[in-house]
Amino acid sequence: MSIHGVPLGPYLGQDSTTTHIAGTCVKQKGKNSSSNDLSCKLGRQFHLNGLHMPGDLILGGLFEVHFTSVFPELTFTSEPTKITCQGFDPSAFRHAMTMAFAIHEINENPNLLPNLTLGYSLYDNCATLVVGFSAAMSLFNGQDEEFLLQENCSGRPPVLGIVGDTFSTFTIATSDVISLFRLPIVSYYATCLCLSDRRRFPSFFRTIPSDGFQVHAMLQILKRFGWTWVGLLISDDDYGHHVAQSFQSELHHSIGGCLAYLEMLPWGEHPVEVKRIVGLMKKSTARVVIVFAHQIHMIQLMEEVVNQNATGLQWMASEAWTSANVLQTPRFMPYLRGTLGIAIRRGEIPGLRDFLLQIRPHGTIDSENSMVKQFWEHTFQCRFAPPPVEWMEAGGALCTGEEDLQTVETAFLDVSNLRPEYNIYKAVYALVYALDEMLQCEPGRGPFSEHGCASLQQLEPWQLMYYLEKVNFTTSFGDQVSFDKNGDALPIYDVMNWVWLPDGKIEVRNVGVVKKTTLNTEELTINEEKIFWNFKELPQSVCSESCPPGTRMVRRKGQPLCCFDCVPCSEGKISNQTDSVECLTCPEDFWSSRQNDHCVPKKIEFLSYHEPLGICLTAASLLGTFICSIVFAIFTYHRSTPVVRANNSELSFLILVSLKLCFLCSLLFIGQPQLWTCQLRHAVFGISFVLCVSCILVKTMVVLAVFKSSKPGGGANLKWFGSVQQRGTVLGLTCVQAIVCTVWIISASPTPYANTRYHNDKIIYECVVGSTIGFAVLLGYISLLAIISFLLAFLARNLPDNFNEAKFITFSMLIFCAVWVAFVPAYVNSPGKYADAVEVFAILASSFGLLVALFGPKCYIILLKPEKNTRKAIMGRDIKR
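Residues numbered from 1 in each chain as written. Predicted model: local features only at pLDDT ≥ 70, side-chain atom pairs only at ≥ 80, totals over all residues. Heavy atoms only, no water.

1. Considerations on the packing of helix 6 (residues 271–283) against helix 7 (residues 295–308)
At a minimum axis separation of 9 Å, helix 6 and helix 7 run at an interaxial angle of 55°. Between helix 6 and helix 7, the angle falls in the class oblique. Of the two elements, helix 6 crosses helix 7, and the hand of that crossing is right-handed. Counted together, V274, K275, V278, G279, M281 and K282 of helix 6 and Q300, L301, E304, V305 and Q308 of helix 7 form the full contact between these two elements. When grouped by side-chain class, the residues that make up the contact of helix 6 with helix 7 number five nonpolar, three polar and three charged. (Axes fitted to C-alpha atoms, helices over the stretch in contact; angles between N-to-C directions. Helix = DSSP H or I, 4+ residues; strand = E, 2+ residues; numbered from the N terminus. Parallel < 35°, antiparallel > 145°, perpendicular 65-115°, else oblique. Left-handed = near helix turned anticlockwise from the far one by under 90°. Contact = heavy atoms within 4.5 Å. Nonpolar A, V, L, I, M, F, W, Y, C, P; charged D, E, K, R; others polar.)

The structure is reproduced here in structure tokens:
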């Protein structure tokens, strides 16, 4: 340390209650002083609470024994400034005494620092920055009011290390100065993430996890219970500001959550601001409230919560107030019961309670220390002599110093839940193990310049820091203590739950643990069955319910990220996870399920033999084939009768065969399309119908020729319509269609095709014609023959009834043409399998029309009117004429 640029020699004074800071340096003249010597003299004194024990080596400690302090009016005089501390905290005093116990335990251990006595110098920071900083400077500078500066300063610092401070803000202020000189500071309670900055705080260590891990621990709990919509309250200091920054950046990244509100709890009395914050909490839809603040903030906050009756909130506590006894009262518990929080790892310190019971204001352990007297007066509600006048006037008791601690109920003796104490215990032992390792260094094998070792007489603080960085030991409770490159210990927290028992007692129950593993991952273990909720069931706190599979999240404009609407995925897209941001498109042959949560194979559709429509068409086809066979059998049996022999029976049999083929070719349109069925269906259909229509055409032409030959001079017409000519004409006309089909199949063959244009969720198997021109030529050729047949038959309609069948051919061609004219628009407008069904229906309808019109009357005569099946009957009308 230096004052006005002059280095100060370290020195430990004997005053147990006074800290000195701010001095000036002057020349010393006299016979006992060199003319070059300088002396430093303090310009102001602060009276602070202290607790001291001398020793060969001294460790310093900073603790919050009082809640607050009162400053006198500052003056520019050299009179000591006395700061009055108020609000004695027995639990915090136990923290200071835990350090004293650890040092006494170490002094009794022959294996640690043998032949050396360890002492301590502990101060109360009174929860005030200036007091804590003054105490830290006292520990660092020493306690002498005036001392001489030699040209070569030698010796060790007044304290070799400091355990503390309580608050992050206090620790930052202290470390900013002390770290310049590499004096080790091991904090048991400062959690600010900023303190892990090794460039700014090179000599800072801590045995409590940083806020960075505290935030991660909170996020692990939020994630476990699905709480994504939370409110955050922080203290208006470094601790709160750094937590807010870390929490906000990690909340959405880690669990997809967001803040409903972020508010700072002010220091001091600000009832209007606290009232506004509680009102905001009541209006918010967030049911989970996370508070990173100190006990004093929570007391003010809960008073307002009670006033406004802000119920229905799930509180989450930071380690700063998870175990705060001052909040565990019947007034607050209706609101705070069920609170979840993270607490410093609980440990056990054997022998601590027995040591605490030995504390006496005039005992042998700590003599004439102000903090002990204040503790005694607070515990037994008495005053040491000389007591204040107002105390005596009010009938107050005098302290004797012989009161028995076991006769009073005090939090000071409660060692069942040692958390900060356990961290203090580990901090003291970390410093001592580092000292012990340093003193065991063998000259010539040391880590410093020329393999040298550090010595107690000329110890530099950075030398102890070197060993502290490498310390590694295991406590009696089984926890390993070591520091990483940032000075942080391996983090671990207990998960606590506030339980209000039926008998009115309050229990802070351990329900789990969250820790960082050696693999640098956070691990949360929690027993949900042990958790007591302030609700009938697990509370929910979400801005929007999770989007189930089959939907996607759409952010609400102007609202936080976790406020969204769930929009169903469009057809053909799915989401198979909760809270999907986008929907995925199904593969080509798949479609979304009804719930849009998975892809299913598309339905395959074609005109099947197993569906009612396919069955009906198949039955009609087989029926037509069967009727053709029956008619064929009848005609064969009666082939010598006039009705059968009239107008070339050979053509009649050929028509029956072609009709049978027409009926059978319709089966090629039923069933899943294959390459061979696609190629054959139109070819067989076209050739069969051309065969049938060409036979009818020839029959019509023969009827006309015979009728004309019966007239004078018409005999020459018959020579062109002999049997050979008739067969040749039928064959020639049919071959033309066969050639068309062959060219069509070779050039642009019909092929099966999976069509998805009609229905997105279906694959319709159909045959594409390949060449529209080929299909049009095929149908056009059939139509041409049918029209010619119809016209010729129409011209022959007035011939004698008993002589020809022209009127039946006319009627059959009329049916045929009507069916196929209706087929074209129906076929074009029928999708998928219905197009095949329309074509099959047209084939069957036209085939049945031809069959009934051409062969119905003849079968009627053959079977029911055999008397008309004679040549005389057929030719009768002509004879009469």
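2. Overview of the state of the cysteines
Under the defined criterion, the tally for this structure stands at ten disulfides. Each sulfur in the disulfide pair C258 and C562 lies 1.8 Å from the other. Across the S-S bond of C258 and C562 the torsion is about -80°, and the bridge reads as left-handed. Of the two residues, C258 sits in strand 16 (residues 258–265) while C562 sits in the loop between strand 27 (551–555) and strand 28 (564–568), which places them 304 residues apart along the sequence. For C258, a relative accessible area of 8% translates into the label buried. On the accessibility criterion, C562 (3% relative accessible area) is buried. Through a disulfide, C586 is tied to C599; the S-S separation comes to 2.0 Å. Measuring the twist about the S-S bond at about -90°, one finds the C586-C599 disulfide to be left-handed. Taken together, the residues span a long stretch of sequence, with C586 in the loop between strand 30 (584–585) and strand 31 (590–592) and C599 in strand 32 (residues 599–601) at a distance of 13 residues. (Disulfide = S-S within 2.5 Å. Buried < 20%, exposed > 50% of the residue type's maximum accessible area, 1.4 Å probe, protein only.)

3. A look at the pairing of strand 19 (residues 340–344)
Most of strand 19 sits out of view: five of its five residues are buried. Sheet topology note: the strand 18 (residues 314–317)/strand 19 ladder contains two bridges and is parallel. Bridged to M316 within strand 19 is L340. In this structure, strand 19 lies alongside strand 24 (residues 492–500), joined through five bridges in antiparallel fashion. By the bridge assignment, A343 is partnered in strand 24 with D494. (Pairing = 2+ DSSP bridges.)

4. Regarding unusual backbone geometry
Following G164, the chain continues to D165 via a peptide bond in cis, the omega torsion being 5°. Inspection of the secondary structure puts D165 in the loop between strand 12 (162–163) and helix 3 (168–178). The omega torsion across A385 and P386 is -5°, close enough to zero to call that bond cis. Look at H451: it is not a glycine, yet its phi comes out positive at around 55°. Here H451 shows up in the loop between helix 12 (420–439) and helix 13 (461–469).

5. A word on the environment of A320
Its place among the elements puts A320 in the loop between strand 18 and helix 8 (333–336). Here the alpha-carbon distance between A320 and V291, two residues 29 residues apart in the chain, equals 9.3 Å. Every residue in contact with A320, bar those within four places of it in the chain, is listed here: Y189, Y239, A293, H294 and Q295.

6. What to know about the packing of aromatic side chains
Both the distance between ring centres and the angle between the ring planes are used here to describe each pair of aromatic rings. Within this structure, the stated rule accounts for 38 aromatic pairs. When the ring of F685 is compared with that of W820, the centres are 5.2 Å apart and the planes differ by 35°; the resulting orientation is tilted. On the criterion of sequence distance, the pair formed by F685 in helix 17 (residues 675–709) and W820 in helix 20 (residues 806–828) is long-range, its members being 135 residues apart. Given the relative accessible area of 1%, F685 is considered buried. (Phe/Tyr/Trp six-rings, centres within 6.5 Å; stacked < 30°, edge-to-face > 60°.)

7. What about the sheet that holds strand 10 (residues 118–124)?
With mixed pairing, the six strands of this open sheet are ordered in space as 5-10-6-12-13-14. A strand with exactly one partner marks an edge of an open sheet, and here the two such strands are strand 5 (50–53) and strand 14 (204–206). Across the sheet, helix 2 (residues 129–141) lies against strand 6 (57–63), strand 10 and strand 12, angled at about 175° from strand 6, the strand it touches most. Along the sheet, helix 3 contacts strand 12, strand 13 (185–187) and strand 14; its crossing angle with strand 13, the most-contacted strand, is approximately 165°.

8. Overview of the side chain of K426
Relative to the assigned elements, K426 resides in helix 12. At 5.0 Å, D479 is the nearest oppositely charged side chain to K426, a buried residue that forms no salt bridge. Dropping the residues within four chain positions of it, K426 is found in contact with T207, F473, T475 and V481. (Lys, Arg positive; Asp, Glu negative; His and termini not counted. Salt bridge = Lys/Arg side-chain N within 4 Å of Asp/Glu carboxyl O.)

9. Concerning the pattern of salt bridges
Opposite charge on two side chains lets them pair, provided their charged atoms get close. Within this structure, the stated rule accounts for 18 salt bridges. Residue R200 is joined to D176 by a salt bridge in which the shortest nitrogen-to-oxygen separation is 2.9 Å. In this pair, R200 is assigned in the loop between strand 13 and strand 14 and D176 in helix 3, connecting sequence segments 24 residues apart. For R200, a relative accessible area of 41% corresponds to the partly exposed category. Residue classification places D176 among the partly exposed positions, given a relative accessible area of 29%. Between R331 and E303 there is a salt bridge, with the nearest N and O atoms lying 2.9 Å from each other. Of this pair, R331 sits in the loop between strand 18 and helix 8 while E303 is found in helix 7, placing the two residues 28 residues apart along the sequence. One salt-bridge network, held together by shared partners, links R345, R419, D479 and D494.

These results come straight from atomic positions and should not be treated as a statement about function.
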